[in-house]
Amino acid sequence: MALGASTVSAGLVVAAAIFFLVVVGVGLWAVRVQGRQFPKGFDRTGWEPRRGVAGWLATKFAWLAGGRS
């Protein structure tokens, strides 16, 4: 028995195409919703980071690495 394109049923091809389109559609919808919730330049928190100060995670890794000061 030879395996080839003829062994794939048309229903499976249609189902795969629909699945692919649904995945792409959900991705585009999510990007659109995220863009509407957080427009460019939008600052929901009003928090301004202090660039010169290390964050908690960086401080913790430095401490674990032996940089105790």
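None of these values were measured; they are calculated from a predicted model.

Trainee: Can you explain the overall build of the protein chain? Please cite residues and give values.
Mentor: Secondary structure summary: the protein chain contains two helices and zero strands in total. Here the protein chain holds 69 residues, and 0% of them are scored as buried. When the accessible surface of the protein chain is split by element, carbon and sulfur atoms take 68% of a total near 6,700 Å².

Trainee: Go over a nonpolar patch on the surface with me, naming the residues and quoting the values.
Mentor: A grouping of Val14, Ile18, Val22, Val26 and Trp29 is seen on the molecular surface, where their side chains present a nonpolar patch of about 500 Å² in accessible area. Inspection of the secondary structure assignment puts Ile18 in helix H1 (residues 10-37). The class of Ile18 is partly exposed, set by a relative accessible area of 49%.

Scoring rules and cut-offs
- Residues numbered from 1 in each chain as written.
- Predicted model: local features only at pLDDT ≥ 70, side-chain atom pairs only at ≥ 80, totals over all residues.
- Heavy atoms only, no water.
- Helix = DSSP H or I, 4+ residues; strand = E, 2+ residues; numbered from the N terminus.
- Buried < 20%, exposed > 50% of the residue type's maximum accessible area, 1.4 Å probe, protein only.
- Areas by Shrake-Rupley, 256 points an atom, 1.4 Å probe, with all protein chains shown as cover.
- Patch = residues over 30% accessible without salt bridge, like charges linked within 9 Å, V, L, I, M, F, W, Y side chains within 5 Å.
- Salt bridge = Lys/Arg side-chain N within 4 Å of Asp/Glu carboxyl O.

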